[in-house]
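A look at the structure
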Amino acid sequence: MKFYKPRAKHAKKFTKTAFWFCVGASLGLFLFTSFVFIIFQNIYKNVVYPGVAINGVNFGGKTQKEVRSFFQMKNSLIKDTTFTLTSDKGVATVSATQLNLGFNDKLLSEQAYSIGRSPDVISNVSLILQAYINGVNLPLSFHVSTDALRTTLADLKSAIDVTPVDAQFELSNGRVTTFHPSSDGQQIDFDTLNAQLNAKALPILLSSRPQAITLAIPIKTLKPKITTDKVNSLGIKELIGTGTSLFGHSIESRIYNVTLAASRVNGVIVAPGEVFSFDKALGDVSAFTGYKSAYVIENGKTVLGDGGGVCQVSTTLFRALLNAGLPIVERHAHAYRVGYYEEDSPPGLDATVYVPTVDLKFKNDTGHSILIQSIIDPSELRLTFLLYGTKDGRVTTLTTPVVTNETPAPPDKFEDDPTLPKGQIKQVDFAAAGATVTFSRKVVKDNKTIIAETYTSVYQPWQAVFMRGTQ
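These lines cover the structure that appears in this document, whether it is placed above or below. Computed from a prediction, not measured in an experiment: that's the story for all the values here. (Residues numbered from 1 in each chain as written. Predicted model: local features only at pLDDT ≥ 70, side-chain atom pairs only at ≥ 80, totals over all residues. Heavy atoms only, no water.)

1. Brief notes about the overall build of the protein chain
Filter applied, for reference: Each helix is a run of DSSP H or I of at least 4 residues and each strand a run of E of at least 2, with the numbering of both proceeding from the N terminus. The buried label goes to any residue with under 20% of its type's maximum accessible area, the exposed label to any with over 50%, and the partly exposed label to all in between, with areas taken from a 1.4 Å probe on protein chains only. All accessibility values rest on the Shrake-Rupley procedure with a 1.4 Å probe; residue burial counts only the protein chains present in the view.
Each helix and strand counted, the protein chain has 10 helices and 28 strands in total. When each of the 471 residues of the protein chain is scored for burial, the buried share is 38%. Accessible surface for the protein chain amounts to roughly 25900 Å². Of this, 56% is attributable to carbon and sulfur atoms.

2. Some points on empty space enclosed by the protein
Threshold: Whether a set of points on the 1 Å grid over the protein atoms alone is a cavity depends on a 1.4 Å probe fitting there but being unable to get out, while an open set qualifies as a pocket with protein on both sides within 12 Å along at least five of seven lines; lining residues are those with an atom within 4 Å of a point. Grid points are joined across faces, edges and corners, and a volume is the space filled by probe spheres set on the points. Polar here means any residue outside two lists: the nonpolar Ala, Val, Leu, Ile, Met, Phe, Trp, Tyr, Cys and Pro, and the charged Asp, Glu, Lys and Arg; Gly therefore counts as polar.
Under the defined criterion, the tally for this structure stands at 1 cavity of 30 Å³ or more. Here the largest cavity is characterised by a volume of approximately 50 Å³. The wall of the largest cavity is formed by R319, R337, V338, Y341, E342, P346, P347, G348, L349, D350 and Y459. A per-class count over the lining of the largest cavity returns 6 nonpolar, 1 polar and 4 charged.

3. Focus on the sheet that holds strand 4 (residues 90-95)
Rules: Strand pairing follows a simple DSSP-based rule, namely that at least 2 bridges must link the two strands. Interaxial angles span 0 to 180 degrees and are taken between N-to-C directions of axes, which are lines fitted to C-alpha atoms, for helices over the stretch in contact. In what follows, residue pairs with any heavy atoms lying within 4.5 Å of each other are defined as contacts.
With mixed pairing, the 3 strands of this open sheet are ordered in space as 4-3-11. Edge positions in the open sheet fall to strand 4 and strand 11 (212-216), since each of these has one partner strand only. Between one strand and the next, the sheet's axes are offset by a mean angle of 20°, whatever the strand orientation. Note: strand 3 (residues 82-87) against strand 11, 5 bridges, orientation parallel. Its bridge partner being in strand 11, L85 is matched across the sheet by L215. In the packing of helix 7 (residues 190-207) onto the sheet, contacts are made with strand 3 and strand 11, and the angle to strand 11 comes to roughly 160°.

4. Thoughts on the sheet that holds strand 15 (residues 275-277)
Read across the sheet, 3 strands follow the order 15-19-18 without closing on themselves; strand pairing throughout is antiparallel. Looking at which strands have only one partner, the edges of the open sheet turn out to be strand 15 and strand 18 (328-330). Here the strands of the sheet are splayed against their neighbours by 30° on average, with no regard to which way each runs. Note: strand 18 against strand 19 (residues 361-363), 2 bridges, orientation antiparallel. Within strand 19, the residue paired with I328 across the bridge is F362.

5. A word on the pattern of salt bridges
We count it as follows: Salt bridges are counted wherever a side-chain nitrogen of Lys or Arg sits within 4 Å of a carboxyl oxygen of Asp or Glu.
Taken as a whole, this structure holds 17 salt bridges when the rule is applied. Residue K79 is joined to D80 by a salt bridge in which the shortest nitrogen-to-oxygen separation is 3.6 Å. Overall, the relative accessible area of 40% leaves K79 in the partly exposed class. Here R337 ties to E342 by a salt bridge, and the two come within 2.9 Å at their closest N and O atoms. The exposure class of E342 is partly exposed, given its relative accessible area of 28%.

6. Regarding the pairing of strand 26 (residues 434-445)
Bridge count between strand 22 (residues 395-398) and strand 26: 4 bridges; the pairing is antiparallel. Looking across to strand 26, one finds that V395 is bridged to V444. The antiparallel pairing of strand 26 with strand 27 (residues 448-459) creates a hairpin that spans 2 residues between the two strands, and D446 there sits at a positive phi of about 50°.

7. Comments concerning the nonpolar core
Note the following rule: Only buried residues count toward a nonpolar core, which is a set of Ala, Val, Leu, Ile, Met, Phe, Trp, Tyr and Cys residues joined through side-chain atoms within 4.5 Å.
One finds F276, F278, L317, L360, I372 and L387 to be the most contacted residues of the largest nonpolar core, which totals 43 residues. Counting residues per element, the ones that place at least two in this core are helix 8 (252-265), helix 9 (278-282), helix 10 (310-324), strand 20 (370-377) and strand 21 (382-389). Of the residues forming this core, the biggest block, 9 residues, is contributed by helix 10. Among the nonpolar cores identified, the runner-up in size contains 39 residues, and I78, F83, L99 and L153 belong to it.

8. Points about the packing of aromatic side chains
The cut-off we apply is this: Only rings of Phe, Tyr and Trp enter the pairing, Trp through its six-membered ring, and a pair is recorded when the two centres are within 6.5 Å. The plane angle decides the type: under 30 degrees is stacked, over 60 is edge-to-face, the rest tilted.
This model, assessed by the stated rule, comprises 11 aromatic pairs. Arranged with centres 5.3 Å apart and planes meeting at 65°, the rings of F71 and F103 form a pair that is edge-to-face. Placement of the pair is F71 in helix 2 (residues 64-77) and F103 in strand 5 (residues 102-103), with a sequence separation of 32 residues. Its relative accessible area of 2% is what places F103 among the buried residues.

9. Topic: the environment of A435
With respect to the helices, strands and loops of the structure, A435 is situated in strand 26. C-alpha separation for the pair A435 and S457, spaced 22 residues apart in sequence, amounts to 8.2 Å. With sequence-adjacent residues up to four places away left out, A435 is seen in contact with R337, V403, T404, N405, E406, S457, V458 and Y459.

Dropping the structure here:
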């Protein structure tokens, strides 16, 4: 034991000496590093530390003002960039200046300068060494004003935005008294538009020259709270057919009769499998049921009679039935071509009725109820029929009517009328050329033809008749 004791003493003394040497060396290194760091900080007291870059551009040794000036200069290069925002309701144009589009020059200069200048000394040393050895690259930052965008699009917004409409449906005595289908609304999708602008902004800012950018204004669909299929269980949920006609230049009593007859058919529900009769839905047509005297075709002549104008209504419904692809059980053409029915349509698309013998009928073969709705536009003197039900995939094709066997109208006829003052002439019938008009209709469902038919209308040449006063 006495042999090893001197060696242990030497080892302990060596360890103690080495420990204090290391402490001294560490303290000296710390003091030296601190001294160097303080000198380094003084050298770069008011400038960005070396190796600090923004998007690859080294700003080491630059002042905050110089960094900010660099990005302000970049902003000035693209200030004349224009954005054209398009929609089917119009176009709006706004400049980069109006949108306040540009680099965040103040923020970027502050971020670059702040690297290595936090309250944490160790973190500062680490960042400065990292920047000096490997570099520190900061991302770009830019701004764009969404408020300016909304201001620019204020006028277009009022034209584009549509409030969704909830469905209305009220049934009374088997007839719909209140009906309004639901409809989707829409509005400008500013979130998507902002995202599109942000996606375009950086490439524009980096291009260093003005550009002309075109963007389609994104539209967001708004759904109604109550859809049509939720307000009834009849399958009346969507438009399946439309028909229109004009009756301009009609006398006042005819306009009145068209409006009255259309209201009598409005709201009728046709059950699945039911054959609809226009005459039955219309009811009695006479002065006793509210109709006024207007021109009708009777016994081969155009004369004043109760309900003149009712055929305008049957003609318009016939067009809606054709469009909807519904099977038409009964239809009759007029005796001659009527000018009203060719104002917005080729010849041959008419249907006359004469209660109770001459009718317009169709069958509802859709498997769901059909609602007939009529609309009168008094400003255009236009009648429209809308048929609502459930679409079953049928597609209707109508050929263009072909006119053949045209014959001119007979010469005008003048007859004496002792009830009119002498010298006064009154037209009571109107000239129309005769013709045969033919068109075909094909209805396809599930790749199968369910209707293939041809309509042939033979119109007589019609003579204009004038009454000459002899009183």
